[in-house]
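Chain by chain, the residues:
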Amino acid sequence: MRAVYLLVLAGCLLGTLPLELVLHARVYARPLRLLLTLAPVVAVFGVWDVLAIRAGHWAYDPRQTSGVRFGVLPLEELLFFLVIPICAVLTLEAVRVVKGWPVGDE
């Protein structure tokens, strides 16, 4: 099934959305901060993946992906580098809100 990877990523986002809406983690409310958090992750792991694919260390089964690619990188892999860090940051910020831990940028 070609959409499984995308469905898993969508499930991750939907599963952590209540952290933003209910606990007011304010991750999506601060887009510049989120962008500054995601940029190094996407850059480092995107380059790493591209180099590994080109070196033949791994590949992605075209039957399991959408077929949309950015060079050799499948859309799903690029989205993985965005979605999973967003979910992690949402989780961290929700714990911080619940525990009342200050960060210093309040």
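Heads up: these notes are all about the structure in this document. Note that the coordinates shown come from a computational prediction; the quantities given were computed from them, not determined experimentally.

**Here's the deal with the packing of aromatic side chains**
The way to describe two aromatic rings as a pair is by their centre distance and the angle between their planes.
Stage number 1. What the rule picks out here adds up to three aromatic pairs.
Stage number 2. Between Phe45 and Trp48 the ring centres are 5.4 Å apart and the planes differ by 20°, which places this aromatic pair in the stacked class. Of this pair, Phe45 and Trp48 both sit in helix H2 (residues 31-54), three residues apart, roughly one helical turn.
Stage number 3. When its relative accessible area of 35% is taken as the criterion, Phe45 is described as partly exposed.
Stage number 4. Note on Trp48: relative accessible area 49%, which makes it partly exposed.

**Some details on the packing of helix H1 (residues 4-21) against helix H3 (residues 75-99)**
Stage number 1. Look at H1 against H3: their axes get within 9 Å of each other, and the N-to-C directions meet at 20°. The angle between H1 and H3 places the two elements in the roughly parallel class. Between H1 and H3 lies a crossing of left-handed hand. On H3, the residues that touch Tyr5, Leu6, Leu9, Cys12, Leu13, Thr16, Leu19 and Glu20 of H1 are Glu76, Glu77, Leu79, Phe80, Val83, Ile84, Ile86, Cys87, Leu90, Thr91 and Ala94.
Stage number 2. A breakdown of the residues in the contact of H1 with H3 according to their chemical character gives 14 nonpolar, two polar and three charged.

**Some details on a nonpolar patch on the surface**
Stage number 1. A cluster of nonpolar side chains, contributed by Leu21, Val22, Leu23, Val97 and Val98, occupies part of the molecular surface with about 440 Å² of accessible area.
Stage number 2. By secondary structure assignment, the location of Leu21 is in helix H1.

Definitions and cut-offs
Residues numbered from 1 in each chain as written. Predicted model: local features only at pLDDT ≥ 70, side-chain atom pairs only at ≥ 80, totals over all residues. Heavy atoms only, no water. Phe/Tyr/Trp six-rings, centres within 6.5 Å; stacked < 30°, edge-to-face > 60°. Helix = DSSP H or I, 4+ residues; strand = E, 2+ residues; numbered from the N terminus. Buried < 20%, exposed > 50% of the residue type's maximum accessible area, 1.4 Å probe, protein only. Axes fitted to C-alpha atoms, helices over the stretch in contact; angles between N-to-C directions. Parallel < 35°, antiparallel > 145°, perpendicular 65-115°, else oblique. Left-handed = near helix turned anticlockwise from the far one by under 90°. Contact = heavy atoms within 4.5 Å. Nonpolar A, V, L, I, M, F, W, Y, C, P; charged D, E, K, R; others polar. Patch = residues over 30% accessible without salt bridge, like charges linked within 9 Å, V, L, I, M, F, W, Y side chains within 5 Å. Areas by Shrake-Rupley, 256 points an atom, 1.4 Å probe, with all protein chains shown as cover. Salt bridge = Lys/Arg side-chain N within 4 Å of Asp/Glu carboxyl O.

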